[in-house]
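Notes for the structure review
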Amino acid sequence: MSLKRACAIAGVAESRLGVVPDSTVLSLQAEALVDALADAGLQKSDVDGLLVSGAWGRLPGLQIAEYLGIQPAYSDSTMVGGASFEFHLGHAAAAIQAGLCKVAVILYGSTQRSRADKYIFQIRNDLGYQYEAPYGLPTPVGSYALAASRHFAQYGTTNEQLADLAVSTREWAALNPKAYRREPLTREDVLGSGPIATPLNKLDCCLFTDGGGAVVVVSPDIAKTLDKPPVWLLGQGESVSHAQISEMRDLTITPAAKSGARAFEMAGVTHSDLDVVEIYDSFTITVLLTLESLGFCPPGTGGEFIANGRTGPSGEFPLNTNGGGLSYCHPGQYGIFLIIEAVRQLRGECDARQVADATLALISGTGGVLSSNSTCILGVE
Amino acid sequence: MSDDELPDPDSEPYWQGAASGELLYRRCGSCDAAIFYPRSLCTECGAPDPKWAVSKGIGKVYACSIVHRPPPSFKDQAPYAVLLVDLDEGFRMMSRLAEGDAESISIGDRVQVVFNDGPDGRPTPYFIPA
């Protein structure tokens, strides 16, 4: 069974991003929904599927449906960290293919910067966490730092290589008016930004912002009636491997290895067919490990792959073209913004940062502590 | 951190072992896999009720990060080295270098368990160079 062309993305939007004190997690999602529905040319009354994820509230799937005044026939509150929205996209496709709904909306909102909804970052010591909590590893950065330490030791990867990715990502952000950090950044700035947990420095880490997003996913018959060109889901794969970093078998291979292979197989495309790639960048090391796990480069060579501006606006591998979680926004769970940017690139709506003639995109969301991954391949025509 | 529910039924023998200076793990009676953290079934073959076993507490550092910006309750301890240790019996656990310069430990080093009081006062496994 395949999800190829089972659904199309018809509308995308962000809410206000950055620091948005005059908002709630609910109002930010409403803000994004209104704009995404307008982008799609659909009404709220058309929505019969709702896919949400958040670390706020008690029962986010109920609270947001109530706030919006939607009684969905299909609901999904899959919560696997920042990758949840790429999981949702696959799940929406399956639900639409099964005839369970026709217009599904994927939503996210967070006011983590302006308000105190920081539950996801609290250290827990119950259940499996009791075997890690005594040791004071900051979460999630410390877990990614451990993975980086292993990659450095095993393959000779360097802080300079990671810094170059942060610099290239910032160059994309400079072209995006909505990006939170747009001022120029140098390799030396990153290397000198101070260690958080070695080998990761402060500017290897994503932003900490407010923000929300919405993605409208529709059945093929509806997609064909809308004004904007549909962006088709061509392939999707998902994989979950662990909850805490001490349970990850090989710190250099992420669940993207499995989910990516499934997505490529379903789409029937290969790496060199892709025009633009959007990879979850909670930390610089996340991108390096994901690139290797997805097969863009052999194991151990991710450092060379991202170094020297190769992924920037003047490089040969357009990556994280909105400026990423490192420089554009990162409201706790970033994955929805991967979808939004890929759709805009494929529609040719990205102005100064537009990748020329982009018709095929890959997005890869990573959640938890390299715990979950869903990879999707999107295309137009 | 709240300790209200610890130890729990899955972890009680582990923490009791730590209190008497023993590092406990579990081993599957069916496929012989070493299992950590301790739980009620084998993560490899699914067989229930793996047997408790005592580790010699010797292993090799698999990954290591020196924490400079710790969680609030660990603030006065930084910098310290958090380790993932591969024990010789075939399981992996998180721990910390028990003492000395955080920079003095590297991936691949042999280490040996010691038991010191953890943040909640409970005897907890840490490691020193072997």
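Below you will find a few notes about this structure. (Residues numbered from 1 in each chain as written. Chains lettered and ligands numbered in written order. Predicted model: local features only at pLDDT ≥ 70, side-chain atom pairs only at ≥ 80, totals over all residues. Heavy atoms only, no water.)

**Let's talk about the state of the cysteines**
Taken as a whole and assessed by the stated rule, the structure comprises zero disulfides over all chains. Considering cysteine sulfurs only, A:C376 is the nearest to A:C7, which forms no disulfide, with 8.9 Å between them. (Disulfide = S-S within 2.5 Å.)

**A word on the sheet that holds strand 1 (residues 8-14) of chain A**
Residue and element names in this part refer to chain A. With mixed pairing, the nine strands of this open sheet are ordered in space as 3-2-4-7-1-8-11-10-9. Looking at which strands have only one partner, the edges of the open sheet turn out to be strand 3 (74-76) and strand 9 (276-279). Neighbour to neighbour, the strand axes of the sheet diverge by 20 degrees on average, direction disregarded. Across two bridges, strand 1 lies against strand 8 (residues 231-240) in antiparallel orientation. In the sheet register, I9 faces strand 8, and the bridge partner there is V231. Running at roughly 150 degrees to strand 8, helix 8 (residues 256-267) makes contact with strand 8, strand 10 (360-367) and strand 11 (372-380) of the sheet. (Pairing = 2+ DSSP bridges. Helix = DSSP H or I, 4+ residues; strand = E, 2+ residues; numbered from the N terminus. Axes fitted to C-alpha atoms, helices over the stretch in contact; angles between N-to-C directions. Contact = heavy atoms within 4.5 Å.)

**Looking at the interface of chain A and chain B**
Between chain A and chain B, the residue contacts involve 30 residues of the former and 37 residues of the latter. Summed over both partners, the interface of chain A with chain B buries about 3000 Å², with 59% contributed by carbon and sulfur atoms. Ranking the residues of chain A by area buried against chain B places A:N125, A:Y131 and A:Y135 at the top, with a combined share of 27%. The tally of links from chain A across to chain B stands at two salt bridges. A:E247 is the salt-bridge partner of B:R39, the closest N and O atoms lying 2.7 Å from each other. The tally of links between chain A and chain B comes to 17 residue pairs in polar contact (both at pLDDT 80 or more). Taken together, the elements giving at least two residues each to the side of chain A that touches chain B come down to helix 4 (141-155) and strand 5 (195-197) of chain A. The element best represented in the side of chain A that touches chain B is helix 4 of chain A, accounting for five residues. Its residues placed into classes, the side of chain A that touches chain B shows 17 nonpolar, eight polar and five charged. (Buried area = accessible area lost by both parts, 1.4 Å probe. Salt bridge = Lys/Arg side-chain N within 4 Å of Asp/Glu carboxyl O. Polar contact = N/O pair within 3.5 Å; in protein donor to acceptor, adjacent residues only side chain to side chain. Nonpolar A, V, L, I, M, F, W, Y, C, P; charged D, E, K, R; others polar.)

**Concerning the packing of helix 1 (residues 25-40) of chain A against helix 2 (residues 60-68) of chain A**
Residue and element names in this part refer to chain A. The N-to-C vectors of helix 1 and helix 2 enclose an angle of 60 degrees; their axes lie 10 Å apart at closest approach. One way to sum up the angle between helix 1 and helix 2 is to call them oblique. Considering how the two elements wind past one another, helix 1 and helix 2 form a crossing that is right-handed. Of the residues in helix 2, those touching helix 1 at L26, S27, Q29, A30 and L33 are Q63, I64, Y67 and L68. Taken together, the residues of the contact of helix 1 with helix 2 break down into six nonpolar, three polar and no charged. (Parallel < 35°, antiparallel > 145°, perpendicular 65-115°, else oblique. Left-handed = near helix turned anticlockwise from the far one by under 90°.)

**Examining the side chain of A:S246**
Structurally, the position occupied by A:S246 is in the loop between strand 8 and helix 8. Of the polar contacts made by the side chain of A:S246, one reaches the side chain of A:E132; its length is 2.6 Å. Excluding its chain neighbours within four sequence positions, the residues that come into contact with A:S246 are A:E132, B:L84, B:R92 and B:M94.

**Brief notes about the sheet that holds strand 2 (residues 34-35) of chain B**
Residues and elements named next belong to chain B. On the basis of which strands lie adjacent, the open sheet formed by three strands has the order 2-1-3 and antiparallel pairing. At either end of the open sheet lies a strand with only one pairing partner, and these are strand 2 and strand 3 (51-55). Where strand 1 (residues 23-27) lies against strand 3, five bridges are found, and the strand directions are antiparallel. Across the sheet, Y25 pairs through a bridge with A53, a residue of strand 3. Lying over the sheet, helix 1 (residues 12-19) contacts strand 1 and strand 3, oriented at roughly 145 degrees with respect to strand 1.

**Examining the environment of A:G81**
Residue and element names in this part refer to chain A. With respect to the helices, strands and loops of the structure, G81 is situated in the loop between strand 3 and helix 3 (84-97). The exposure class assigned to G81 is buried, which follows from its relative accessible area of 13%. The spacing of G81 and T366 is 285 residues in sequence and 7.6 Å in space, taken between C-alpha atoms. Dropping the residues within four chain positions of it, G81 is found in contact with Q333, G367 and G368. (Buried < 20%, exposed > 50% of the residue type's maximum accessible area, 1.4 Å probe, protein only.)

**Comments concerning unusual backbone geometry**
Along the chain, A:T139 connects to A:P140 via a cis peptide bond; the corresponding omega equals 0 degrees. Tracing the chain through its elements places A:P140 in the loop between strand 4 (103-110) and helix 4. The omega torsion of the bond from B:F36 to B:Y37 falls at 0 degrees, within 30 degrees of zero and hence cis. Here B:Y37 is to be found in the loop between strand 2 and strand 3. Phi angles above zero are rare outside glycine, and B:D32 is one such case at about 70 degrees. Here B:D32 is to be found in the loop between strand 1 and strand 2.

**Things to note about the nonpolar core**
Residues and elements named next belong to chain A. Among the nonpolar cores identified, the biggest contains 108 residues, and F296 and I377 are the most heavily contacted of them. A total of eight residues in this core trace back to one element, the largest contributor, which is helix 1. Setting aside residues no more than four positions away along its own chain, F296 makes contact with F264, H271, L274, V277, L291, F305, F317 and L362. Formed by 46 residues, the second largest nonpolar core is a distinct cluster that contains L89, L233, L338 and I363. (Core = buried A, V, L, I, M, F, W, Y, C linked by side-chain atoms within 4.5 Å.)

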